Amino acid sequence: MIPPGAVTWRLQGNLGGETPVDPVRGPLAVGGLHGERAGLQLPGYPTDDWTPTRLPATDTTPGVSWYTTTVPLDLPAGQDTSLGLTLTDDPSRRYRAEIFVNG
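Residues numbered from 1 in each chain as written. Predicted model: local features only at pLDDT ≥ 70, side-chain atom pairs only at ≥ 80, totals over all residues. Heavy atoms only, no water.

**Q** Got a minute to help me understand the pattern of salt bridges in this structure?
**A** Pairing between side chains of opposite charge can happen when the charged atoms of each approach one another. Scanning all chains against the criterion turns up one salt bridge. The closest approach of N and O atoms between Arg93 and Asp89, which form a salt bridge, is 3.1 Å. (Salt bridge = Lys/Arg side-chain N within 4 Å of Asp/Glu carboxyl O.)

In structure tokens form, the structure reads like this:
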């Protein structure tokens, strides 16, 4: 049992304060994950020093992982185009994915 007072919570505001990381979409378009607050999902975020990996990853450590890739999309320029994604994986692998398509 966790003793009283052993767990503390801290609410954090927008990273960057009055100068948000994402000035286009603003702070209300950001979830509570540290990576979102830091702008990892934004186009142009520098990922050159990220360690390359192959998916599916075999790391079973609990927590959040961020991956990035470049995929050429032949979409009309200047339009807000809907995309449909189909993900296939072994159903015994239990995880949740949040996918950002940018740029």
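Picking up after the structure, the text goes on.
**Q** Can you help me understand the packing of aromatic side chains in this one?
**A** To describe a pair of aromatic rings, you give the distance between the ring centres and the angle between the ring planes. Scanning the entire structure with this criterion turns up two aromatic pairs. Arranged with centres 6.3 Å apart and planes meeting at 55 degrees, the rings of Tyr45 and Trp50 form a pair that is tilted. For Trp50, a relative accessible area of 24% corresponds to the partly exposed category. (Phe/Tyr/Trp six-rings, centres within 6.5 Å; stacked < 30°, edge-to-face > 60°. Buried < 20%, exposed > 50% of the residue type's maximum accessible area, 1.4 Å probe, protein only.)

**Q** Hey, could you run me through the environment of Phe100 in this one?
**A** Within the secondary structure, Phe100 sits in the segment after helix H1 (34-38). Placed 76 residues apart in sequence, Phe100 and Val24 show a C-alpha to C-alpha distance of 16 Å. Once you skip the residues sitting within four places of it in the chain, Phe100 turns out to touch Glu36, Gln41 and Trp66. (Helix = DSSP H or I, 4+ residues; strand = E, 2+ residues; numbered from the N terminus. Contact = heavy atoms within 4.5 Å.)

**Q** Would you explain a nonpolar patch on the surface in this entry?
**A** Where nonpolar side chains cluster on the molecular surface, the patch consists of Val71, Leu73, Leu75, Leu83, Leu85, Leu87, Ile99 and Val101 and spans about 750 Å² of accessible area. Tracing the sequence through the fold places Leu75 in the segment after H1. (Patch = residues over 30% accessible without salt bridge, like charges linked within 9 Å, V, L, I, M, F, W, Y side chains within 5 Å. Areas by Shrake-Rupley, 256 points an atom, 1.4 Å probe, with all protein chains shown as cover.)

**Q** I tried to follow the environment of Gly39 on my own but got confused; where do I start?
**A** Counting through the fold element by element, Gly39 comes out in the segment after H1. Sequence separation between Gly39 and Pro72 is 33 residues, and the spatial gap between their C-alpha atoms is 22 Å. If we ignore the near neighbours within four places in the chain, the residues touching Gly39 are Val21 and Tyr45.

**Q** Help me understand the side chain of Glu36 in this model?
**A** As for its placement among the helices and strands, Glu36 is situated in helix H1. In contact with Glu36, not counting residues within four places along its chain, are Val30, Gly31, Gln41, Trp66, Glu98 and Phe100.

**Q** Help me understand the environment of Pro27, please; the structure alone is not making it clear to me.
**A** Its location among the elements puts Pro27 in the segment before H1. Of the residues examined, Pro27 reaches a relative accessible area of 44% and is grouped as partly exposed. In the structure, Pro27 is positioned ten residues away from Arg37 in sequence and 8.5 Å away in space, judged by C-alpha atoms.

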